[in-house]
Amino acid sequence: MTLLYRLASMAKWIVGRERAEQRLDDEMRAYLDLSAADKVRDGVPAAEARRLAVIELGGVEQAKERVRAARHGAVLDDIGRDVRHALRLLARQRTFTVVIVLTLALGIGANTAIFSIVDSLVLRTLPVKDPARLVVLVAGPQTTWTNPIWEEIQRRGDLVDGAFAWSRFDAEFNLSRGGETQLVSGVWASANSFTVLGVMPMLGRTFEPADDARGGGPGGPVAVISYAFWQRHFGGARDVVGRALMLDRTPLTIVGVTPREFSGLNPGRMFDVAVPLGAEPLIRGRESRLDRRTSWWLAVMARLKRGQTAEQATAAIRGVQPQIREATLPPGRAERYLSEPLTFQAAATGRSGLRDQYQRPLTVILVVVGLVLLIACANIANLLLARATARGHEWSVRLALGASRGRLARQLLIESLILAALGAAASLVIAQWASDLLVAQLSRDSVFLDLPLDWRMLGVTAVIAVVAALVFGVAPAMRAARGTPIDALKDRGRSNAATGRVSIANGLVLTQVILSMVLLVCAGLFLRTFDKLMHVPLGLDRDRVLITDIDARRADLELQSRLATYERIRERVLRIPGVTSAGLSVIAPLSGALWSRRVEVSGSSRVRTDDVDGPEGFGYTSRPIPDASPLAIFNGISPGWIATYGTPLLAGRDISERDGPESPRVALVNQAFARKFLGGANPVGHTVHPYRDAGSPVIEIVGLVSDSVLRTVREPSLPTVYVPFSQTEDDPKPVPPPEVSLSVRAASTSPAALTKSVAAAVGDINSTLALTSYSLADQLSETLVQERLLAMLSASFGGLALLMAAVGLYGVTSYAVNLRRVEIGIRMALGATRVAVMRLVLARVTLLVGAGIVGGLAIASWASRYVGSLLYGLDPGDPITFAASAATLAVIGAVAGWVPAHRASRLDPTQVLSDM
Amino acid sequence: MDKLDIPQGTLELMILTILSREPLHGYGISQRLASLSHDNFQVNPGSLFPSLYRLEQDGKLKAEWRASENNRNAKYYAITAAGRKQLEQHRRRWDRISFAIASVLEGA
């Protein structure tokens, strides 16, 4: 009760301030009137009575002040006064305020922007029911499973409170019936996915168990669409349920729409359409992966029973692992299959390829922007300190008049907090803009990150701002609290406080130099990595090739006539003016796809072994190819492909039209292959034999080509076998492959200009093929997005840090010169030369910068180990980077120190001495 | 005549007691306090008003502006139900204290 009264009264005091003050004044006057009137009645003269009454009251203003101080919330009043005082002050020193607010806005904005991306990718939990009970199935590094394995797990679903599977890599569906591809991103999901997740439809229904039947449920195949796709494609039509949706030329029925907050299971990727696993053979036809025991494409998630721990669930699944293994064993290799123990892992934040890919770079950038903010804080602290010294006199006077030190410190902290608040407000604009820009840079695909300006973001911004205010506000506040009244009586220029300020400022500048050094090294490492990657010898002509992906899965094209059609396309394209050669391949360079097999090579000293781990099969993986493994990379190519990419043929012959399906198996290999399997000997005449089926034909090596990149730029030389397109076997892709890449070589260096004519040429042969075109150069820069982003961001932040350190150095040196004006004047009067004066000033700068560089190098050489895995072609301790960074910092430091040193040397001794 | 200092913590008790009879303005309270204490206590307005504001803020008193006996507009304080409850508590405590002190002094 009492508390309510107090609050109400405090509110009245704050809101109706004027009125309350007026009332208080009235009451005091009434007291005086009444008291004076009494005294007059007792015979005192009116003027004297009034005077006595005022004395009795103890002064009108003093009495009012005592009442104010006694009220609850009096502290708020004080703070309010401090805030108003601070605002007046900041408004008066506009340049000072603007500089600080902008510095802070940049610092805080960068932090908020990066944090919002990290938050969305890494920290945010799935928008589903009780996500803490969701676990994901892994086995060592393995996170994907074959459908036969999933079916075995599904049959044992009672081990947990339901399990479901979905396609780990986004499927892409084509909405169009032919010609230009209209892709939507889709996900294959087992029918119980939404039920186990606890995602309720916002329209219609989600999947039912019957939907999972092979070939679709009783009412034909169905699809559930996302809110975003519903809005984008159907304009949010209420009657969308029941409508037909063409996916890869297969009609499906839309049965429901998921709620807005559910963006899918792979964070960072938007899903448009979910299709039950059972409908997969219907859409993918012969390429169906449902029964393949070697297609690892499903992620499996489970919901724990109430009270069940992840360890208990893991124990349960390991108990049945031998049976699962037995039931799903693929033909051929056996030893290592499913030998790693299965494990259920907490999955509350979902699985994301995007997250795996960007987590480390984002963490690095998060640290970088944190350091930049720290440097900014040091600069602001220095500015505040300089101003505090200017105000030292005012404070000493206030201290002498009885203000408490705490009170002065509080006022300074309030000023800092106000600056931080203004900076934080401005940073929200910068953050929003910067995070949009970053997300746009991350990838050109449909990267979808939900980055709302919500309370989380505001909260983080507020916390960063308060911490920043404390960091840059504490030093000046402490100095204020240390001042003594006697300082007011002394000449300011010679007081201890001023020299004390120089030592704090020196410390701050030293910190800045050290941190800038670390950031410069970081920027240097990433810049050099990017530069190295841009100049990796690709082994192919990056500027002349246009790639067109051809998708024949749903085209009007008989299986038997595919090969002939491809060949006709190649011949037709060759007739386009400006095309000098053309070739087809199963895998396009830099597409990220990998097709690898275990092989035996005649004459190789390698022993046949199954016992080495490595990615095997066809898929998108970034796992390295261990040198110890018998794995070789395969690609199927047509005649002309090697010439199209300008890869030199070093020995033997190229494959030709005569190497058809019926002729003897032949292959080209690259130098890396010869090195790995034959110790660098000429491979022509040797044979290659893939491990798995004993009956498969032996392939004869007929040519040696030079190394070229295939999977990523970071692997310029994977041991590769090029087999003729027409001789690719039925694994993993059936003959002839339904998806191929057509590469054409342009006579000019602008291959993109050929896009239209190539599409028209393909359309002449078959107008129902789906096409996607891009130049090799574009593909290259696309694959280097992460490296470019890291280099760009770390370089800009490193530059910013350097600039701020330079400003700090300049500031503290100028200040020190100013303090020593008299000393310098006397020295010069006594005959010191200008050079000697400059040396005097620069000695300090050299000491600061030198110490900073040494400290920075030490920290950088320790910290750079953590970015080692992001580098390419250089060590984390790359001496060139370290030396160049130190040199840059030394030069900038010299410039920042030279200006005030030069000014000191231009001092006019007579002027200085007459000022004394 | 020398005035006595008002013992710590008793000013509120006296204010509440005085106001429990009739509403009064600040000057009236100080006059009443002086006369009731036979001029032993002279409350300093610098302490009186802060106490009045606190009691009002806590809801023990409510205030109202009206004309005084000599037609001056003044702020009259009146005790509230919560104020009476507090008065009773304070009164009981004070009675115990004075009884205890008196007993000690007499027993000595």
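Residues numbered from 1 in each chain as written. Chains lettered and ligands numbered in written order. Predicted model: local features only at pLDDT ≥ 70, side-chain atom pairs only at ≥ 80, totals over all residues. Heavy atoms only, no water.

### Observations regarding the overall build of chain B
Alright, step 1. When you go through chain B residue by residue, the secondary structure sums to four helices and three strands.
Alright, step 2. When its helices and strands are written in sequence order, chain B yields α-β-α-α-β-β-α.
Alright, step 3. In chain B, which comprises 108 residues, the proportion classed as buried is 44%.
Alright, step 4. Long-range pairs, those at least 24 residues apart, make up 48% of the contacts in chain B with a sequence separation of at least 6.
Alright, step 5. About 6300 Å² of surface is accessible on chain B, with carbon and sulfur atoms providing 51% of the total. (Helix = DSSP H or I, 4+ residues; strand = E, 2+ residues; numbered from the N terminus. Buried < 20%, exposed > 50% of the residue type's maximum accessible area, 1.4 Å probe, protein only. Contact = heavy atoms within 4.5 Å. Areas by Shrake-Rupley, 256 points an atom, 1.4 Å probe, with all protein chains shown as cover.)

### Focus: the overall build of chain A
Alright, step 1. In terms of helices and strands, chain A carries 28 helices and 24 strands.
Alright, step 2. Partitioning the intrachain contacts of chain A with sequence separation of at least 6 by distance along the chain shows that 81% fall at a separation of at least 24.
Alright, step 3. Per element, the accessible surface of chain A, about 39300 Å² overall, is 60% carbon and sulfur.

### Quick word on the interface of chain A and chain B
Alright, step 1. Counting residues at the interface gives 25 residues for chain A, matched by 25 residues for chain B.
Alright, step 2. In this assembly, chain A packs against chain B so that about 2400 Å² is buried in total across both faces, 56% of it on carbon and sulfur atoms.
Alright, step 3. Taken together, chain A and chain B are joined by one salt bridge.
Alright, step 4. In this structure, Lys-75 of chain B engages Glu-27 of chain A in a salt bridge whose closest nitrogen and oxygen atoms are separated by 3.6 Å.
Alright, step 5. Run the count over chain A and chain B and you get three residue pairs in polar contact (both at pLDDT 80 or more).
Alright, step 6. Of all the secondary-structure elements, those providing two or more residues to the side of chain A that touches chain B are α1 (2-15), α2 (17-41), α3 (46-57) and α4 (60-70) of chain A.
Alright, step 7. Considering every element that reaches the side of chain A that touches chain B, the biggest residue donor is α2 of chain A, with 13 residues.
Alright, step 8. Along the lines of polarity and charge, the residues of the side of chain A that touches chain B split into 11 nonpolar, four polar and 10 charged. (Buried area = accessible area lost by both parts, 1.4 Å probe. Salt bridge = Lys/Arg side-chain N within 4 Å of Asp/Glu carboxyl O. Polar contact = N/O pair within 3.5 Å; in protein donor to acceptor, adjacent residues only side chain to side chain. Nonpolar A, V, L, I, M, F, W, Y, C, P; charged D, E, K, R; others polar.)

### What about the pairing of strand β19 (residues 666-670) of chain A?
Residue and element names in this part refer to chain A.
Alright, step 1. Taken across its five residues, β19 has five buried, putting it largely inside the fold.
Alright, step 2. Covered by surrounding structure in β19 are Val-666, Leu-668 and Asn-670 together with Ala-667 and Val-669, the residues of both alternating faces.
Alright, step 3. The sheet contact formed by β19 and strand β21 (residues 699-705) spans five bridges and is parallel. Paired with Val-666 across the strands is Glu-700, a residue of β21. (Pairing = 2+ DSSP bridges.)

### Topic: a nonpolar patch on the surface
Alright, step 1. There is a patch of nonpolar side chains on the surface, built from Leu-417, Val-466, Leu-470, Val-474 and Met-478 of chain A and spanning about 410 Å² of accessible area.
Alright, step 2. Counting residues per element, the nonpolar patch draws most heavily on helix α16 (residues 455-482) of chain A, at four residues. (Patch = residues over 30% accessible without salt bridge, like charges linked within 9 Å, V, L, I, M, F, W, Y side chains within 5 Å.)

### With respect to the packing of aromatic side chains
Alright, step 1. Under the defined criterion, the tally for this structure stands at 15 aromatic pairs over all chains.
Alright, step 2. With 5.4 Å between their ring centres and 70 degrees between their planes, Phe-194 of chain A and Phe-207 of chain A make a pair best called edge-to-face. Taken as a pair, Phe-194 of chain A in helix α8 (residues 193-197) and Phe-207 of chain A in the loop between β6 (203-204) and β7 (222-225) lie far apart in primary sequence, 13 residues in all.
Alright, step 3. Exposure remark for Phe-207 of chain A: the relative accessible area of 3% places this residue in the buried category.
Alright, step 4. Judged by centre distance (4.6 Å) and plane angle (50 degrees), the ring pair of Trp-641 of chain A and Tyr-645 of chain A falls under tilted. There is no split in this pair, since Trp-641 of chain A and Tyr-645 of chain A are both buried.
Alright, step 5. Connected via pairs of aromatic rings, a cluster forms that spans Tyr-31 of chain A together with Tyr-27 and Phe-49 of chain B. (Phe/Tyr/Trp six-rings, centres within 6.5 Å; stacked < 30°, edge-to-face > 60°.)

### Considerations on the nonpolar core
As a rule of thumb, nonpolar side chains are buried together in soluble globular proteins.
Residue and element names in this part refer to chain A.
Alright, step 1. Membership of the largest hydrophobic core comes to 77 residues, with the highest contact counts inside it found for Val-364, Phe-526, Leu-668 and Val-713.
Alright, step 2. At 14 residues, the largest contribution of residues to this core is made by helix α18 (residues 496-534).
Alright, step 3. In contact with Leu-668, not counting residues within four places along its chain, are Ile-637, Ile-642, Arg-653, Asp-654, Ile-655, Val-702, Gly-703, Val-705, Thr-720, Val-721 and Tyr-722.
Alright, step 4. Counting 51 residues, the second largest nonpolar core, distinct from the first, contains Val-579, Trp-595, Val-599 and Phe-677. (Core = buried A, V, L, I, M, F, W, Y, C linked by side-chain atoms within 4.5 Å.)

### As for the pairing of strand β20 (residues 687-690) of chain A
Residues and elements named next belong to chain A.
Alright, step 1. Taken together, the three bridges between strand β15 (residues 593-601) and β20 define a ladder with antiparallel strand orientation. Residue Val-599 lies in a different strand from β20, and its bridge partner there is Pro-690.
Alright, step 2. Bridge count between β20 and β21: two bridges; the pairing is antiparallel. Paired with Thr-687 across the bridge in β21 is Glu-700.

### Things to note about the environment of Glu-61 of chain A
Alright, step 1. As for its placement among the helices and strands, Glu-61 of chain A is situated in helix α4.
Alright, step 2. Along the chain, Glu-61 of chain A and Met-28 of chain A lie 33 residues apart, while their C-alpha atoms are 9.2 Å from each other.

### With respect to the sheet that holds strand β1 (residues 24-25) of chain B
Residue and element names in this part refer to chain B.
Alright, step 1. Spatially, the three strands line up as an open sheet ordered β1-β3-β2, and their pairing is antiparallel. At either end of the open sheet lies a strand with only one pairing partner, and these are β1 and β2 (61-67).
Alright, step 2. In the packing of helix α1 (residues 11-21) onto the sheet, the strands contacted are β1, β2 and β3 (73-79), and the crossing angle to β3 comes to about 100 degrees. (Axes fitted to C-alpha atoms, helices over the stretch in contact; angles between N-to-C directions.)

### A few points about the confidence of the model for chain A
Alright, step 1. Taken over all residues, the pLDDT of chain A has a mean of 81, while the share at 70 or more is 87%.
Alright, step 2. Note on residues 444-448 of chain A: pLDDT under 50 across the span, and 15 contacts to partners over four residues away in sequence or across chains. (pLDDT = per-residue confidence, 0-100.)

### Some points on the environment of Thr-833 of chain A
Residue and element names in this part refer to chain A.
Alright, step 1. Mapped onto the fold, Thr-833 is located in the loop between α25 (821-829) and α26 (834-863).
Alright, step 2. Given a relative accessible area of 46%, Thr-833 falls into the partly exposed group.
Alright, step 3. With 72 residues separating them along the chain, Thr-833 and Ser-905 place their C-alpha atoms 8.2 Å apart.

### Regarding the pattern of salt bridges
Residue and element names in this part refer to chain A.
Alright, step 1. Counted according to the given criterion, the structure contains 32 salt bridges over all chains.
Alright, step 2. Between Asp-33 and Arg-50 there is a salt bridge whose closest N-O contact spans 2.9 Å. With Asp-33 in helix α2 and Arg-50 in helix α3, the pair connects residues that are 17 residues apart, well separated along the chain.
Alright, step 3. Arg-50 gets classed as partly exposed once you look at its relative accessible area, which sits at 33%.
Alright, step 4. For Arg-214, the salt bridge is made with Glu-151, and the minimal N-O distance between the two is 2.9 Å. Here Arg-214, found in the loop between β6 and β7, pairs with Glu-151, found in helix α7 (residues 147-155); they are 63 residues apart in sequence, far enough to count as distant.

### A short note on the packing of α2 of chain A against helix α3 (residues 45-57) of chain B
Alright, step 1. The N-to-C vectors of α2 of chain A and α3 of chain B enclose an angle of 140 degrees; their axes lie 13 Å apart at closest approach. Judged by the angle between their axes, α2 of chain A and α3 of chain B are oblique. The way α2 of chain A lies across α3 of chain B gives a crossing that is right-handed. Residues Leu-24, Glu-27, Met-28 and Tyr-31 of chain A of α2 of chain A form the contact with α3 of chain B, whose own contacting residues are Pro-45, Phe-49 and Tyr-53 of chain B.
Alright, step 2. Its residues assigned to classes, the contact of α2 of chain A with α3 of chain B shows six nonpolar, no polar and one charged. (Parallel < 35°, antiparallel > 145°, perpendicular 65-115°, else oblique. Left-handed = near helix turned anticlockwise from the far one by under 90°.)

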